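# Chain and residue survey
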2 protein chains.
Amino acid sequence: MTKTLIHNARLEGRKVDLLISNGLIEQISPEIVAPEAEVFEAEGLAVMPAFYNMHTHAAMTLMRSWCEDLPLFDWLNNIWKREAELTPDDIYCGTRLAILEMIKSGTVFFADMYWHSSAVAAAAENMKVRANVGMCFVDSLSQKTIEQNFDFAKQYAKGGQSLVSIGIAPHAIYTCGADLYRKCFEFARENDLLFHTHLAETQKEVEDCLKNNGKRPVEYLNDLGVLDNKTLAAHCVHLSAKEAEILSRTQTTIVHNPCSNMKLASGVFNSLQAQSCGCNIALGTDGTSSNNNLSMIEEMKFASLLAKSHYGNPQAGKAEEVFQWATLNGAKAVGLNAGEVKEGMLADLIFVNLDNERLLPDNDLVSSMVYSADSRCIDSVMCNGNFLMKHGYIEAEEEIIEQARRYNKSK
Amino acid sequence: MTKTLIHNARLEGRKVDLLISNGLIEQISPEIVAPEAEVFEAEGLAVMPAFYNMHTHAAMTLMRSWCEDLPLFDWLNNIWKREAELTPDDIYCGTRLAILEMIKSGTVFFADMYWHSSAVAAAAENMKVRANVGMCFVDSLSQKTIEQNFDFAKQYAKGGQSLVSIGIAPHAIYTCGADLYRKCFEFARENDLLFHTHLAETQKEVEDCLKNNGKRPVEYLNDLGVLDNKTLAAHCVHLSAKEAEILSRTQTTIVHNPCSNMKLASGVFNSLQAQSCGCNIALGTDGTSSNNNLSMIEEMKFASLLAKSHYGNPQAGKAEEVFQWATLNGAKAVGLNAGEVKEGMLADLIFVNLDNERLLPDNDLVSSMVYSADSRCIDSVMCNGNFLMKHGYIEAEEEIIEQARRYNKSK
């Protein structure tokens, strides 16, 4: 792998060079001499950690802005009908469109949950991003399909793909029984795979769980023994104090999806409670059908402003905090040494254009990224030391757009 | 003025040509022959109405991302201190930076409220956008300054500037007494100028008003006789049913600023109440210090998602409705025949790139603009028949950026 010398980037107010080698930030220094390295001129650009989108259903880009503003169950019925028709080719096409959008807005990792995992994994490999491809499980799958999925997961691990891994993702407590949860978790732990589920998203889920199991959703999953430090629990909107405590103790990562929770009117995540319990909070966009984009920049602003509004406190959801949710805390959840620009960490980086009007004047860059920026501020994106986007351009972007357009015309 | 022929644009699913003449949309038809017109090739672009930002303090771009996440009064004290130091040159520089940002995100009109109005007006003229330059009034101004402001407003009207007008903008009921409100309103009506004020923004304002005047803020201003169909009331977060009724009856325009209200934790505007009363609701970004950008695209998404979340109803804040708040309702508030793409209306238009990944697949363009788009989707912007931005480029943008950078360095 060639070395890259990032020349004259702005890092927290200083001008520095960065030497990138073997996917890592090898050195950061005011001046680095490395004649063997390819030079990337970063004059006028600031270097920051890239974003980790910790909960999404990438291929749902295909259903963007389709059946909007409906009551929840009418909407779900429409979406499910269309999802049932998706082929692996469609999912490859939709996932590539999603990844294109994520790279354009500075994201280099996504934790997915969907069907036809081989197509999702192929799209991620093709686009050279990091991904955890969560295989979705529900009770209605046949025993044979479940075994086939497990086989695929085992085989995939042997393929030696370093950026893409498989996750085991039982959908939710209202679509998966206790047996399926236990079986999935056992398999995940035997094979050291990420475990990923929807949890405590709506009030109805909590009420049904209390009725059916005599306990709340997090208590229920904790009693099943399926929460640990390699578990992503998406949403966690409706948590009792005791449940927040359980998530902290088990080191489960809470993935907060503010846009989706607001758009579907699911409720407001109690971020202050989770923070005061010491939970690891990460951010996700959820699928485009309930967002409708995959921008972590926008998600940070929603996370922050929703907290301020919800608590009636302009000091809630501070810019520095939500920026960490979108970067470091996501990387931590999947055991990657990334999310900060430091020597020895993974070279998952964004380069932002300091001449963009949204970042001027240059008072506080983190604050401007959270409250002011949009994807036009992102000049270049690096993942594992490799440029995914250089000066706004992504290889093969025209082809991906053309393919998405063809998919739509064929429906 | 030259005619422009917009060739092959997408309008609500159809391919059309548009003939632009004298600042108006003269004709829309599948094929227009106009050999005398300049041709703008719009293949791959959809034409939509441009945005009207109905409440802002443009020059506050200079304080973007400065003193963040503080308690309200600490923040205000910091801002006020810095504002006191601003020169007319600073305000010209900050307002041009703001206008650059607005054009990039598809906005062609802003209703401002600030100091040094001649500098604000000069910036708007220089950038060829529409603006209503609200002159801010507070009790602490001397009688002489008030008279000078009134003189400026009268003189400006005589200058024959067609896109920029002056507004009379008493700041708020907690900074302006009854006499100043009456005097300002009388002057505004004598000279047919827009009247613009902050109203019912915080719970504290309501409580103080009840204590001091025995009535709520809207009742108080209504009794002073200063609410009518050429009045913008910014915020209106805390309204009783009776107050919403008054605003509807007087045809006062409510300017909703969801980002600012959330960021400052001021409360949540009761949009369903205002809608059911038949109020004219428009949208504004407020100043960048409490947002921190001027994007109406983002403001629409916040307006919609905040309503859904607040009412626990995914059918609140529908995309079509908030799009109208951001376009037609703003134009209506200032008596301009704009906000829709129809023959005879003002040619205030945006051209959006249908190849942008955020607008794909092409299921519902209005929905995608509200929920998914960002400024990268805007290809070109026209105001009064004149291109302010063509294919992403605005004349003199480098100079404006350079000037903003110099301002910051000098502080």
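Just so you know, these numbers come straight off a predicted model, no measurement behind them. Numbering of residues begins from 1 in every chain and follows the order in which that chain's sequence is written. Written order determines the labels here, with chains lettered from A and ligands numbered from 1. Local features in this predicted model are restricted to residues whose pLDDT is 70 or higher, and side-chain atom pairs enter the listing and the counts only when it is 80 or higher, whereas totals over whole chains, interfaces and linings include all residues. To obtain the side-chain values, all non-hydrogen atoms of the structure were used and water was disregarded.

## Side note on the overall build of chain A
Using the following cut-off: Segments assigned H or I by DSSP are reported as helices when at least four residues long, segments assigned E as strands when at least two residues long, and all are numbered from the N terminus. Between the two quantities, the radius of gyration covers C-alpha atoms and the globule rule is 2.2 Å times the number of residues to the power 0.38. Buried means the residue's accessible area, taken with a 1.4 Å probe over protein chains only, is under 20% of the maximum for its type, while exposed means over 50%, and partly exposed covers the values in between. Note on contacts: a residue pair is in contact if any heavy atoms of the two residues lie within 4.5 Å. Areas reported here follow the Shrake-Rupley algorithm with a probe of radius 1.4 Å; residue values treat only the protein chains shown as occluding. Here Asp and Glu are counted as negative and Lys and Arg as positive; His is not counted, and neither are the chain ends. For charged residues, the charge sits on one atom: NZ in Lys, CZ in Arg, CG in Asp, CD in Glu.
Along the backbone of chain A there are 15 helices and 16 strands. Against the 2.2 N^0.38 benchmark of 22 Å for 411 residues, chain A shows a C-alpha radius of gyration of 21 Å, consistent with a compact globule. Residue burial in chain A is summarised as follows: out of 411 residues, 65% are buried. For chain A, long-range pairs separated by at least 24 residues make up 70% of all intrachain contacts whose partners lie at least 6 apart in sequence. Accessible area of chain A: about 14,400 Å², with a carbon and sulfur share of 48%. On chain A, the mean spot of the 37 positive side-chain charges and the mean spot of the 53 negative ones are 3 Å from each other.

## Thoughts on helix α1 (residues 72–84) of chain B
All names here are of chain B. What counts, and what does not: A helix is expected to span 1.5 Å for every residue after the first. Note that the arc is defined by the directions from the helix axis to the C-beta atoms.
Here α1 spans 18 Å end to end across 13 residues, near enough to the 18 Å set by a 1.5 Å rise per residue. All buried positions along α1 are accounted for by W75, L76, I79, R82 and E83. Down the axis, α1 shows its buried residues gathered within 130° of arc, on one side only. Exposed and facing more than 90 degrees away from the buried side of α1 are K81 and A84.

## Details of the sheet that holds strand β11 (residues 231–235) of chain A
Residue and element names in this part refer to chain A. This is how the line gets drawn: For two strands to count as paired, DSSP must find a minimum of two bridges between them. In this analysis, axes come from line fits to C-alpha atoms, helices being fitted only over the stretch in contact, and the angle between any two N-to-C directions falls in the range 0 to 180 degrees.
Ordered by their spatial adjacency, eight strands build an open sheet running β6-β7-β8-β9-β10-β11-β12-β13, and the pairing between neighbours is parallel. Only two strands of the sheet have a single neighbouring strand rather than two, namely β6 (51–56) and β13 (280–283). Neighbour-to-neighbour, the strand axes of the sheet open up by a mean angle of 25°, direction not taken into account. When β6 meets strand β7 (residues 107–114), the two strands line up parallel, connected through four bridges. If you follow N53 over to β7, its bridge partner there is F110. Contacts from helix α3 (residues 117–127) reach β7, β8 (130–137) and β9 (164–170) within the one sheet, and its direction differs from that of β8 by about 175°.

## Quick word on the interface of chain A and chain B
How we decide: Summed over both partners, buried area is the accessible surface (1.4 Å probe) that two parts give up on being assembled. Salt bridges are defined as contacts in which a side-chain nitrogen from Lys or Arg sits within 4 Å of a carboxyl oxygen from Asp or Glu. Polar contact is defined as a pair of N or O atoms within 3.5 Å, subject to the rule that within protein one atom must be able to donate a hydrogen and the other to accept it, and that residues adjacent in sequence are counted only when both atoms are side-chain atoms. Charged residues are taken to be Asp, Glu, Lys and Arg, nonpolar residues to be Ala, Val, Leu, Ile, Met, Phe, Trp, Tyr, Cys and Pro, and polar residues to be all remaining types, Gly included.
Between chain A and chain B, the residue contacts involve 61 residues of the former and 61 residues of the latter. With both chains or domains summed, chain A and chain B bury close to 5,300 Å², and 54% of this area falls on carbon and sulfur atoms. Taken as a group, D69, E357 and L360 of chain A account for 12% of the area that chain A buries against chain B, more than any other trio of residues on that side. Across the chain A-chain B interface, the total number found is eight salt bridges. As a salt-bridge pair, D69 of chain A and K308 of chain B come within 2.6 Å of each other at their nearest N and O atoms. Linking chain A with chain B are 42 residue pairs in polar contact (both at pLDDT 80 or more). Of all the secondary-structure elements, those providing two or more residues to the side of chain A that touches chain B are α1 (72–84), α2 (88–104), α9 (258–263), α11 (296–311), α14 (365–371) and α15 (397–410) of chain A. Sort the elements by how many residues they give to the side of chain A that touches chain B and α11 of chain A lands first, with seven residues. Of the residues in the side of chain A that touches chain B, the class split is 25 nonpolar, 17 polar and 19 charged.

## Re the sheet that holds strand β8 (residues 130–137) of chain B
All names here are of chain B. Taking strand neighbours across the sheet as the criterion, the eight strands line up as β6-β7-β8-β9-β10-β11-β12-β13 in an open arrangement whose pairing is parallel. Each of the sheet's edge strands pairs with one partner strand only, and the pair in question is β6 (51–56) and β13 (280–283). Neighbour to neighbour, the strand axes of the sheet diverge by 25° on average, direction disregarded. Bridge count for strand β9 (residues 164–170) against strand β10 (residues 194–199) is two bridges, and the pairing is parallel.

## A closer look at the side chain of E101 of chain B
Within the fold, E101 of chain B resides in helix α2 (residues 88–104). For E101 of chain B, a relative accessible area of 0% puts it in the buried group. In this structure the side chain of E101 of chain B is engaged in a polar contact, spanning 2.6 Å, whose partner is the backbone nitrogen of L294 of chain B. E101 of chain B has contacts with E357 and R358 of chain A together with T61, R64, T288, N293, L294 and S295 of chain B, leaving out every residue within four places of it along the chain.

## Here's the deal with the nonpolar core
A general tendency of soluble globular proteins is for nonpolar side chains to be buried together. Heads up, the rule is: We define the nonpolar core as a collection of buried residues of types Ala, Val, Leu, Ile, Met, Phe, Trp, Tyr and Cys that are connected through side-chain atoms lying within 4.5 Å of one another.
Counting 254 residues, the largest nonpolar core has I168 and M369 of chain A together with I168 and M369 of chain B as its most contacted members. Those residues in contact with I168 of chain B that sit more than four places away from it in its chain are M135, F137, F150, A153, C184, F187, A188, L193, L194, F195 and H196 of chain B.

## Side note on helix α3 (residues 117–127) of chain B
Listed as buried for α3 of chain B are S117, A119, V120, A121, A123, A124 and M127 of chain B. Taken from the residues just after α3 of chain B, K128 of chain B is the one with a positive phi, measuring 65°.

## Overview of the relation of the copies chain A and chain B
For the record, the criterion: A residue counts toward the fit only if its pLDDT is at least 70 in both copies, and the copies are then superposed by least squares on the C-alpha atoms of those residues.
Its rotation angle being 180°, the transformation that places chain A on chain B also includes 0.0 Å of axial translation and leaves an RMSD of 0.0 Å. Within this description, the copies of the chain are treated as partners about a two-fold rotation axis. Minimal C-alpha separation from the rotation axis in chain A is found for R376 of chain A, amounting to 2.8 Å. In this assembly, 100% of the residues forming the interface of chain A have copies in chain B that are likewise at the interface, indicating an isologous arrangement.

## So, the packing of aromatic side chains
Let me state the cut-off plainly: Pairing of aromatic rings covers Phe, Tyr and Trp, the last through its six-membered ring, and needs centres within 6.5 Å; plane angles under 30 degrees mean stacked, over 60 mean edge-to-face, and all others mean tilted.
Under the counting rule described, the total for this entry stands at 21 aromatic pairs over all chains. Judged by centre distance (3.7 Å) and plane angle (5°), the rings of F302 of chain A and F302 of chain B are stacked. You can see F302 of chain A sitting in helix α11 and its partner F302 of chain B sitting in helix α11 (residues 296–311), one on each of two chains. By relative accessible area, F302 of chain A is classed as buried at 0%. Arranged with centres 5.4 Å apart and planes meeting at 45°, the rings of F137 of chain B and F150 of chain B form a pair that is tilted.

## What to know about the pattern of salt bridges
All names here are of chain A. A complete count under the given rule lists 49 salt bridges over all chains for this structure. Across the pair R96 and E399 runs a salt bridge, and its minimum N-O distance is 2.7 Å. On the criterion of sequence distance, the pair formed by R96 in helix α2 and E399 in helix α15 is long-range, its members being 303 residues apart. By relative accessible area, R96 is classed as buried at 3%. You can call E399 partly exposed: its relative accessible area is 44%.

## A short note on the pairing of strand β15 (residues 378–383) of chain A
All names here are of chain A. With six of six residues buried, β15 is to be regarded as a mostly interior element. Where β15 lies against strand β16 (residues 386–389), three bridges are found, and the strand directions are antiparallel. What sits directly across from M382, in β16, is F387.

## Concerning the environment of M369 of chain B
Note that M369 of chain B resides in helix α14 (residues 365–371). In the structure, M369 of chain B is positioned 69 residues away from M300 of chain B in sequence and 8.7 Å away in space, judged by C-alpha atoms.

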